[in-house]
Amino acid sequence: QVQLVESGGGLVQDGGSLRLSCEASGITFSINYMGWYRQAPGKQRELVASIWRGGGTTYADSVKGRFTISRDNGKNSVHLEMNSLKPEDTAVYYCNVQRWGPTRSEFWGQGTQVTVSS
């Protein structure tokens, strides 16, 4: 059974930094895609950053230059370094893992709260 456990969320002041981590257990396949999404109150869940097995990355325009996603293939983990945080970054952040191909699978973590105070 695949489980994703996020950590690293918390309360930080405007301009501060946090590092989120997601550890995937029960993985018996090659992970093609790992990503971080967030959902603020009253808003839809949105992609923050993603990284493929080959190392390619994408970022939401709102976080470019401030956030950095990285992954450790050997440990099936993904991290999100968040710098220069703003109040509008406040949200629950979710880890997402995907396997592509004939047997497509997608898994979500339980979420970790990030609150940026002004």
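Our subject is the structure that appears above.
Treat the numbers as computed from the prediction; the structure is a model and nothing was measured.

### Things to note about the state of the cysteines
Then, in step 1: Evaluated as defined, the whole model comprises one disulfide.
Then, in step 2: Disulfide pairing places C22 opposite C95 at an S-S distance of 2.2 Å. Its S-S torsion of approximately -80 degrees makes the covalent link between C22 and C95 left-handed. In this pair, C22 is assigned in strand β3 (residues 18–25) and C95 in strand β9 (residues 91–99), connecting sequence segments 73 residues apart.

### Remarks on the pattern of salt bridges
Then, in step 1: All chains considered together, the criterion is met by five salt bridges.
Then, in step 2: In this structure, E81 engages R19 in a salt bridge whose closest nitrogen and oxygen atoms are separated by 3.3 Å. Residue E81 is located in strand β8 (residues 77–82), and its partner R19 is located in strand β3; the two are separated by 62 residues in the primary sequence.
Then, in step 3: Across the pair D61 and K64 runs a salt bridge, and its minimum N-O distance is 3.1 Å.
Then, in step 4: Residue classification places D61 among the exposed residues on the basis of a relative accessible area of 65%.

### Topic: the pairing of strand β4 (residues 33–39)
Then, in step 1: In terms of burial, β4 is largely enclosed, as six of its seven residues are buried.
Then, in step 2: As paired strands, β4 and strand β5 (residues 46–52) are joined by six bridges and run antiparallel to one another. Paired with M34 across the bridge in β5 is I51.
Then, in step 3: Linking two consecutive strands that pair antiparallel, namely β4 and β5, is a turn of six residues; a positive phi of about 80 degrees is found at G42 within it.

### Here we look at the sheet that holds strand β1 (residues 3–7)
Then, in step 1: The strand order across the open sheet formed by four strands is β1-β3-β8-β7, and the pairing between neighbours is antiparallel. Bordering the open sheet on either side are β1 and β7 (67–72), each of which pairs with just one other strand. For this sheet, the mean angle separating the axes of adjacent strands, direction not counted, is 15 degrees.
Then, in step 2: By the bridge criterion, six bridges tie β7 to β8 in an arrangement that is antiparallel. Across the sheet, residue I69 finds its bridge partner in β8, namely L80.

### Examining the packing of aromatic side chains
Then, in step 1: Scanning all chains against the criterion turns up four aromatic pairs.
Then, in step 2: Consider the rings of Y33 and W52, whose centres lie 6.3 Å apart with planes at 75 degrees: the pair is edge-to-face. Note that Y33 is positioned in strand β4 and W52 in strand β5, a separation of 19 residues in sequence.
Then, in step 3: Given the relative accessible area of 27%, W52 is considered partly exposed.

What counts as what
- Residues numbered from 1 in each chain as written.
- Predicted model: local features only at pLDDT ≥ 70, side-chain atom pairs only at ≥ 80, totals over all residues.
- Heavy atoms only, no water.
- Disulfide = S-S within 2.5 Å.
- Helix = DSSP H or I, 4+ residues; strand = E, 2+ residues; numbered from the N terminus.
- Salt bridge = Lys/Arg side-chain N within 4 Å of Asp/Glu carboxyl O.
- Buried < 20%, exposed > 50% of the residue type's maximum accessible area, 1.4 Å probe, protein only.
- Pairing = 2+ DSSP bridges.
- Axes fitted to C-alpha atoms, helices over the stretch in contact; angles between N-to-C directions.
- Phe/Tyr/Trp six-rings, centres within 6.5 Å; stacked < 30°, edge-to-face > 60°.

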